[in-house]
Amino acid sequence: QVQLVESGGGLVQAGGSLRLSCVVSGLTFSPYFMGWFRQGPGKEREFVGTITWTGGITYYAGSVKGRFTISRDNAKSTVYLQMNSLRAEDAAMYYCAASSSYTNNYRNSNQYDYWGQGTQVTVSS
């Protein structure tokens, strides 16, 4: 059974930092992309960033580039999302997701096969 379990969310002041983790288990193959998405109240789910599992190549949404960093520890089957300089508009439920194959449309949530349950990030101003 494939499981993606996020953790690390919480309440933080604007300008602060959080690090989210996503532990992957049950996959019988190495995913191609491990992505982070978020969904705020009344908003659609949006792409935050993604990392290739093997090469560690990262791609980010413009709104978080320079503030957020994705990394992975293959030995621990864990992907991280380091979030710095948090803003009120970053508040959302954050999800990690795994794609089983390459896609050049990695910003599209439909390209990801497995999802975690999410972890809530709240930013106070």
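Residues numbered from 1 in each chain as written. Predicted model: local features only at pLDDT ≥ 70, side-chain atom pairs only at ≥ 80, totals over all residues. Heavy atoms only, no water.

A. Summary view of the packing of aromatic side chains. Tallied over the full model, the rule gives 13 aromatic pairs. Ring centres of Phe29 and Tyr114 lie 6.4 Å apart, and the angle between their planes is 40°; on these two criteria the pair is classed as tilted. With Phe29 in the loop between strand 3 (18–25) and strand 4 (33–39) and Tyr114 in strand 10 (residues 114–115), this residue pair connects regions lying 85 residues apart in the sequence. Members of the aromatic cluster, joined through ring pairs, are Tyr32, Phe33, Phe37, Phe47, Tyr59, Tyr95, Tyr102, Tyr106, Tyr112 and Trp115. (Phe/Tyr/Trp six-rings, centres within 6.5 Å; stacked < 30°, edge-to-face > 60°. Helix = DSSP H or I, 4+ residues; strand = E, 2+ residues; numbered from the N terminus.)

B. Structural detail: empty space enclosed by the protein. Tallied over the full model, the rule gives 1 cavity of 30 Å³ or more. Roughly 30 Å³ of internal volume is contained in the largest cavity. What lines the largest cavity is simply Arg38, Gln39, Gly40, Lys43, Glu46, Glu89, Ala91 and Ala92. Class assignment for the residues of the lining of the largest cavity results in 2 nonpolar, 2 polar and 4 charged. (1 Å grid on protein atoms, 1.4 Å probe; cavity = no way out; pocket = protein on both sides within 12 Å on 5 of 7 lines; lining within 4 Å. Points joined across faces, edges and corners; volume = space filled by probe spheres on them. Nonpolar A, V, L, I, M, F, W, Y, C, P; charged D, E, K, R; others polar.)

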